[in-house]
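# Topology and contacts: notes
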Amino acid sequence: MISLSPSVGSPHSRILGIGTYRPSRVVPNSELIEAIDSSDEWIQQRSGIKERRFASPEETVQMMSVASSRQALERAGIEAAQIDCVIVATVSHMLQTPAVATAIAHELGTDRAPAFDISAACAGFCHGLALGSDLIRAGSAKHVLVVGVERLTDITSLIDRGTAFIFADGAGAAVLGPSEEVGIGPVVWGSDGEQFDLIRQKEDWRDVLEADRPEMPHLVMQGAAVFRWAAFEMAKTAQETLERSGITVDDLDVFVPHQANMRIIDAMARSMKLPEHVKIARDIAEQGNTSAASIPLALGRMIDEGEAKSGDIALLIAFGAGLAYAAQVVKVP
Ligand SMILES: CC(C)(COP(=O)(O)OP(=O)(O)OC[C@H]1O[C@@H](n2cnc3c(N)ncnc32)[C@H](O)[C@@H]1OP(=O)(O)O)[C@@H](O)C(=O)NCCC(=O)NCCS
């Protein structure tokens, strides 16, 4: 009988470098409040958002992805040609096919790396991290580029009171590689499709095209229900993630939750009883909610500002439309 050669992976994986791209246009709350009959005070108090970044026409999904990836590659000390797989998490690439990951892989100069997009909304980057880590450990790839990118302004209505002030644009990327020790812990992930309608594209594309006056189907959200689910359920998922990695909150240095709402972040931190010494990502104040880009942008800021140091133990947890979620403990590169 013929036996086939197995693929041989690395015992473990880790993040080698993080890169970010923030669009240049800063949009304060004052620019948005008139159209939604709101106030700077209400938005700050209910969401913690002071300002956000909106992309210009030139700041496309591909452009922002390439910029953040180049920074991640440089920081990782890896050439684009060494990347064996490109995973792009996004819900705002406007072509149904092909995957934007293929164009990004080409523009970066990878050697025809396999490249594909994943759709897991705000949980997309942590899904990509889990997949990338497993590809390395299984031997399907040695170096993986994971990008979280969104141009949510393309699919957000600026007259929708429940979402206009929340969503924003940006990109973050991570280069993953082999490791002798665990740098990316076990993922705890899942979905709750019973709550499929809580955050969604308003209409199916076919219904849009059949309408008398077709318009871009924007995101709609049942904010209060999402808030309750995120604040209570995700704290339990966070706890389970720590247990799967064999650590407790006391071992954490950094907490990087999805940047959805400052009050959700605070509720999770309280519910998890995070000790004082744990630094908490609060990128949302200046960046808004960038869905798949939110975790790498938030961690990138903490690294750049010296709040997260190389070797620190960080808990990442992301959640959003689906409802989909994913969390893991990682070592900061
Ligand atoms: C969107 C969100 C900030 C709204 O806050 P909220 O406290 O739940 O607000 P509600 O929708 O219950 O409305 C409360 C009041 O504020 C008003 N309101 C709603 N939107 C408003 C706005 N943009 N500006 C001013 N007032 C507003 C409502 O009319 C309501 O008024 P009433 O009490 O007189 O009836 C909040 O629900 C949220 O952040 N949810 C989670 C969103 C999230 O995480 N999304 C991403 C997941 S990936």
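What counts, and at which threshold
Residues numbered from 1 in each chain as written. Predicted model: local features only at pLDDT ≥ 70, side-chain atom pairs only at ≥ 80, totals over all residues. Heavy atoms only, no water. Near = heavy atom within 4 Å. Polar contact = N/O pair within 3.5 Å; in protein donor to acceptor, adjacent residues only side chain to side chain. Helix = DSSP H or I, 4+ residues; strand = E, 2+ residues; numbered from the N terminus. Nonpolar A, V, L, I, M, F, W, Y, C, P; charged D, E, K, R; others polar. Salt bridge = Lys/Arg side-chain N within 4 Å of Asp/Glu carboxyl O. Buried < 20%, exposed > 50% of the residue type's maximum accessible area, 1.4 Å probe, protein only. Core = buried A, V, L, I, M, F, W, Y, C linked by side-chain atoms within 4.5 Å. Domains from an automatic or database assignment. Contact = heavy atoms within 4.5 Å. UniProt positions renumbered as here; feature names shortened; annotations may be inferred. Pairing = 2+ DSSP bridges. Axes fitted to C-alpha atoms, helices over the stretch in contact; angles between N-to-C directions.

In this section: the site of the ligand. Close to the ligand lie 23 residues, the nearest being S38, R46, R161, G223 and N261. In this structure, an oxygen atom belonging to the ligand sits 2.4 Å away from a side-chain N or O atom of R46. Between the ligand and the protein, one listed contact pairs an oxygen atom with a side-chain N or O atom of N261 at 2.5 Å. Counting residues per element, the ones that place at least two in the shell around the ligand are α2 (40–47), α7 (223–244), α8 (262–272) and β13 (313–320). Considering every element that reaches the shell around the ligand, the biggest residue donor is α7, with four residues. Here the shell around the ligand is composed, by residue class, of 13 nonpolar, seven polar and three charged.

Right, let's get into the pattern of salt bridges. A full pass over the atoms with the stated rule returns 13 salt bridges. Its salt-bridge partner being R137, residue D134 comes within 2.7 Å of it at the nearest N-O pair. Of this pair, D134 and R137 both sit in helix α5 (residues 124–138), separated by three residues, roughly a single helical turn. D266 is the salt-bridge partner of R282, the closest N and O atoms lying 2.8 Å from each other. Placement of the pair is R282 in the loop between β12 (279–280) and α9 (284–287) and D266 in helix α8, with a sequence separation of 16 residues. Taking relative accessible area as the criterion, D266 reaches 28% and is therefore assigned partly exposed. Connected through salt bridges with shared partners, the residues R22, D283, E286, R301 and E305 form a single ionic network.

Bringing the nonpolar core into the picture now. Core analysis: the biggest nonpolar cluster contains 45 residues, and F255, M272, L274 and F319 have the highest contact counts within it. For this core, the element with the highest residue contribution is α7, accounting for eight residues. Residue assignment places this core across two domains, with domain 1 (12–179) and domain 2 (188–331) each supplying three or more. The contact partners of F255, leaving out residues within four places of it in the chain, are M268, M272, L274, V278, K279, I280, A281, L315 and I317. With 35 residues, the next largest nonpolar core counts I18, A89, A174 and A318 among its residues.

UniProt marks C122, H258 and N289 with the feature "active site" (unreviewed entry), using the numbering shown here. A stretch of 168 residues holds the annotated residues, and the largest C-alpha distance among them is 8.8 Å, short enough that they meet in one place. Here H258 is to be found in the loop between β11 (254–257) and α8. Beyond its immediate chain neighbours, meaning those up to four positions away, H258 contacts C122, I265, N289, S291, S294, I295, I317, A318 and F319. If you trace the backbone, N289 turns up in the loop between α9 and α10 (294–304). You can call N289 buried: its relative accessible area is 4%.

This part covers the sheet that holds strand β6 (residues 144–151). Within the open sheet, the five strands sit side by side as β1-β7-β6-β4-β5. Their pairing is mixed. Looking at which strands have only one partner, the edges of the open sheet turn out to be β1 (12–21) and β5 (115–118). Adjacent strand axes in the sheet meet at a mean angle of 20° when their direction is disregarded. As judged from the five bridges shared by strand β4 (residues 85–89) and β6, these two strands associate in the parallel manner. From the neighbouring strand, I87 faces β6, where its bridge partner is V146. Along the sheet, helix α3 (residues 61–76) contacts β1, β6 and β7 (169–179); its crossing angle with β1, the most-contacted strand, is approximately 125°. With respect to the sheet, α10 is in contact with β1 and β7, its orientation differing from that of β1 by roughly 85°.

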